[in-house]
Amino acid sequence: MVSEKFTKPYNPTENEQSIYKMWEDSGFFNPDNLKEKNKDGDPYCIIMPPPNANGSLHAGHALFVTLQDILTRTARMQGFKALWVPGADHAGFETQVVYEKKLTKEGRSRFQMSREELYREIWDFTQENKKYMENQLRRLGASCDWSRETFTLDEKVIKQVYKTFKKLEEDGLLYRGLRSVNWCPKHQTGLSNLEVEYEERVEKFYYIKYGPFVIGTARPETKFADKYIVVHPDDKRYSKYKHGQTFEVPWINGTIKATLLKDEAGDPELGTGAMTITPWHSEIDFEIAQKYNLPYEQIIDERGRLLPIAGEFAGMKIEEARPKIVKKLDQLGLLVKVDEDYKHSVPVCYKCKREIEPQLKRQWFIKTKPLAQKAIDAIVSGEVKFVTERYKRVALHWLENIKDWNISRQIAWGIPIPAKICKNCNAGFVDLEDKINKCEKCGGEVEKEKDTFDTWFSSGQWPFVILDYPDGDDFKTYYPTEVMETAYDILFFWVTRMIMLGIYRTGKPPFKWVYLHGLVRDAKGQKMSKSKGNVINPIEVSDQFGTDALRMALVVGNTPGTDLNLDVNKIGAYRKFANKVWNIARFVLTQIEQHGQGEINANDQKTLVELQKFADEITEDISKFNLHLASEKLYHYIWHTFADKILEESKSDLQSDNKELASSKATLLLEMLKIQLKLLHPFMPFLTETIWQEIPDDMKDEKFIMISSWPSNIKLKHELA
RNA sequence: GGGCGAUUAGCUCAGUUGGCUAGAGCGUCCGCCUUACAAGCGGAAGGUCGUUGGUUCGAGCCCAACAUCGCCCACCA
């Protein structure tokens with residue numbers, strides 16, 4: 001008797017959670033438990049970009065789950081040894097920022113806590129969130145192997161990251177140096193160039209008399225200690241002065257002695273062509289200072305206040321000091337003119353949008369050029385391929401112009417940098433076993449490095465870490481993995497770094513394919529954000545429409561690498577589709593129950609052959625990563641070919657007195673239903689499994705559609721065109 | 001300053017190597033509770049595929065220029 005379930009419309013929430021539990025209990029997410037056809041199959045591995053363990057999943061997570069799950073499920077049904085490895089990310093700076101906001105709400109501050117306290121609290125916070133996040137992944141249908149799940153602060157991760165750090169030192173690719181870093185005065189940490197954004201601002205631009213010169217600046221508050229003036233060697237305006245010539249310059253807090261430098265760094269086109277330098281608070285100025293071995297002095301402290309060198313302005317915040325300084329300059333007769341609407345872009349912290357104040361800091365840097373070169377080679381040779389050609393060019397451009405990577409962060413939440421620092425000469429030494437107790441250079445006293453790693457330094461090693469390089473079975477079986485599927489906005493942060501560090505440690509890039517998806521925006525194409533109130537919570541949507549409907553809405557028409565506008569109406573449309581499939585199944589199963597199975601007649605065999613061709617086409621689309629086409633075709637075929645035509649036209653036979661004819665037709669419909677359910681399963685796993693469970697055991701090849709055999713002989717093999 | 005993407009029905013988007021009488025969802029209009037499905041069925045309206053020029057037997061698709069919107073990178077004393 002066809003289940004009573006079928007008398008009602010399809011109710012996703014009634015079925016999804018129990019179906020997922022059934023899958024998970026079966027153990028088949030773990031390829032080690034799969035049957036022979038998979039065990040002997042080729043490996044197919046996707047490493048999941050570990051979601052941050054600091055909040056709930058957003059629509060972007062739902063998109064990656066959908067895409068990666070489609071690939072994994074297809075591969076599994078195809079007989080591959082299919083493995084999708086989940087993880088959770090401690091997400092260093094990101095999480096600390098989230099937690100600091102929480103502290104602020106509670107009226108607390110991290111600056112009132114010890115590092116250890118803060119670390120412990122955030123640890124507990126992430127462990128809670130991690131569970132929450134994992135269950136959300138389950139809700140989205142992720143067929144990943146939970147037995148292999150790894151947290152990015154797990155012991156094995158830290159060990160590997162330390163090994164890489166040590167190896168970099170041994171290979172001469174690591175140095176600790178005084179460098180200009182992007183300092184965020186709010187978060188009290190240095191940031192990488194990638195974590196700095198630029199904002200267009202209109203500010204005042206001041207022309208100030210500096211001895212015989214006039215200099216232009218938007219930041220007069222940094223100029224207290226400027227003792228060097230730079231012009232271009234070919235700038236005719238200054239040809240009467242010589243390189244190295246000195247001047248008595250009446251300045252803000254008294255007369256100083258200034259020296260002229262003629263250097264190509266001076267740009268004759270800009271302002272007056274003359275500039276003074278502030279090495280402590282400008283990267284370019286610092287480079288000039290280093291070139292000529294000039295002294296440098298700190299003017300602004302880490303909180304953005306002026307230091308005693310500013311005299312009467314000491315202790316003031318920049319915003320407060322600037323107008324006062326300008327006023328004084330004017331009174332001294334040094335202010336030449338003010339350009340009122342000077343348009344320029346200022347660097348800001350990507351989290352708090354506070355203006356970045358460059359500071360000189362001793363930090364750990366990786367020499368990235370040699371690593372980048374190997375990554376470039378791997379991409380150019382096609383060892384790593386990109387699904388979207390344009391991102392290949394973007395990645396190459398970035399790698400070709402790469403700068404050394406500052407991996408030090410002054411935050412508590414992260415992997416501690418295992419090193420000792422000399423209190424006397426500031427030299428730093430990598431120290432994995434806590435063995436170094438005096439400076440290897442000067443014999444001075446050493447202390448433990450307090451900084452932590454940039455979180456991307458450890459996540460850049462994720463694939464070989466999680467698969468247990470070098471001796472783990474997983475590493476031997478699955479590395480290099482098949483596809484790295486993630487959002488394009490972390491191409492530089494993560495993907496290129498994984499290629500670099502993967503090759504560096506293992507000799508091979510960590511994946512064969514890079515599939516970058518776009519951002520999920522709201523129906524109007526606006527970025528989703530809490531403040532706009534346009535965030536689509538994937539779990540709420542799943543509750544309302546069913547996970548399968550959400551998945552279809554995320555994949556149909558979503559070309560790789562392009563942003564997707566997600567309209568709730570679209571999700572509703574696929575809920576209707578789910579119900580349509582449900583009703584198709586009810587009809588077919590009722591017919592087969594009534595008429596029994598028979599021989600499919602010769603004419604109908606042709607219909608089956610047509611469907612077979614269609615199945616091949618879907619397989620090829622998936623091979624080419626054209627999931628947006630495959631899903632749309634499935635929708636169209638099932639609804640408008642199968643239901644509207646084949647099924648409708650079969651009704652006369654099914655109602656005929658000729659029992660043989662009726663059972664033959666019912667059998668055809670059953671066969672076709674099974675093939676379609678299988679093809680649809682990677683896209684709409686819950687619905688298809690729910691229906692599959694209603695098909696009598698003797699009419700199907702496997703108990704779970706999840707591990708049933710794929711209805712096409714074409715082998716899944718990723719290639720484009 | 002350098003680079004990239006988009007522009008197709010009222011809205012949001014597909015259209016894979018040029019063959020298209022240009023599709024889907026939502027929306028609109030007309031008619032249907034026809035025993036799988038009203039979350040449905042049958043039917044209809046709606047597009048000079050951003051503009052201009054070129055290549056071709058044939059262009060939404062290829063080339064060139066322009067326009068508008070968006071994104072990325074670099075840098076700004």
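For the structure, check the block above.
The shown structure was predicted, so the numbers you read here are calculated from the model rather than taken from an experiment.

Looking now at the packing of aromatic side chains. Each aromatic ring pair is described using two quantities: the centre-to-centre distance and the angle formed by the ring planes. On inspection of all chains with the given rule, the structure shows 41 aromatic pairs. With centroids separated by 5.7 Å and ring planes inclined at 15°, the aromatic side chains of tyrosine 391 and tyrosine 488 adopt a geometry described as stacked. Of this pair, tyrosine 391 sits in helix α10 (residues 389-400) while tyrosine 488 sits in the loop between β22 (481-487) and α14 (491-506), and the two are 97 residues apart along the sequence. Under the relative-accessibility criterion, tyrosine 391 is labelled buried at 10%. The class of tyrosine 488 is partly exposed, set by a relative accessible area of 21%. In textbook terms, an aromatic cluster arises when at least three aromatic residues are bridged by ring pairs, as seen for Tyr162, Phe165, Trp364, Trp405, Phe453 and Phe457.

It is worth spelling out the sheet that holds strand β6 (residues 189-191) at this point. Strand order in the open sheet formed by four strands is β6-β5-β14-β16, and the pairing between neighbours is antiparallel. On the outer flanks of this sheet lie β6 and β16 (405-406), each paired with one strand and no other.

A word on the sheet that holds strand β11 (residues 254-262). Strand order in this open sheet of four strands is β10-β11-β9-β12, and the pairing throughout is mixed. Lying at the two open borders of the sheet, with one neighbouring strand each, are β10 (246-251) and β12 (274-276). Here the strands of the sheet are splayed against their neighbours by 35° on average, with no regard to which way each runs. Examined bridge by bridge, β10 and β11 share six bridges and lie antiparallel to one another. By the bridge assignment, proline 250 is partnered in β11 with threonine 255.

Here we take up the pattern of salt bridges. All told, the structure shown has 52 salt bridges when counted by the stated rule. Notably, a salt bridge pairs arginine 219 with glutamate 357, separated by 2.7 Å at the nearest N-O pair. Of the two residues, arginine 219 is situated in the loop between β8 (213-217) and β9 (228-231) and glutamate 357 in strand β14 (residues 357-366); the sequence distance between them amounts to 138 residues. No difference in accessibility class separates arginine 219 from glutamate 357, as the two residues are buried. Among the ionic pairs, lysine 674 bridges to glutamate 671, the shortest N-O distance being 3.3 Å. With lysine 674 and glutamate 671 both in helix α20 (residues 659-680) and three residues apart, this pair spans about one turn of that helix. For glutamate 671, a relative accessible area of 24% gives the class partly exposed. One network of salt bridges, with partners in common, ties together Glu203, Arg219, Glu221, Arg322 and Glu357.

Structurally, aspartate 301 can be placed in the loop between α7 (283-291) and α8 (318-331). This buried residue, aspartate 301, is left without a salt bridge; arginine 305 holds the nearest opposite charge, at 5.5 Å.

A separate point is the pairing of strand β7 (residues 196-210). Pairing of β7 with strand β13 (residues 335-349), which is carried by twelve bridges, proceeds in the antiparallel orientation. Residue pairing across strands places valine 202 opposite lysine 343, the latter belonging to β13. Here five bridges tie β7 to β8, and the two strands are oriented antiparallel to one another. When the bridges of β8 are listed, tyrosine 207 appears paired with glycine 216. Linking β7 to β8, which pair antiparallel, is a turn of two residues; within it glycine 211 sits at a positive phi near 60°.

About the cut-offs
- Residues numbered from 1 in each chain as written.
- Chains lettered and ligands numbered in written order.
- Predicted model: local features only at pLDDT ≥ 70, side-chain atom pairs only at ≥ 80, totals over all residues.
- Heavy atoms only, no water.
- Phe/Tyr/Trp six-rings, centres within 6.5 Å; stacked < 30°, edge-to-face > 60°.
- Helix = DSSP H or I, 4+ residues; strand = E, 2+ residues; numbered from the N terminus.
- Buried < 20%, exposed > 50% of the residue type's maximum accessible area, 1.4 Å probe, protein only.
- Pairing = 2+ DSSP bridges.
- Axes fitted to C-alpha atoms, helices over the stretch in contact; angles between N-to-C directions.
- Salt bridge = Lys/Arg side-chain N within 4 Å of Asp/Glu carboxyl O.
- Lys, Arg positive; Asp, Glu negative; His and termini not counted.

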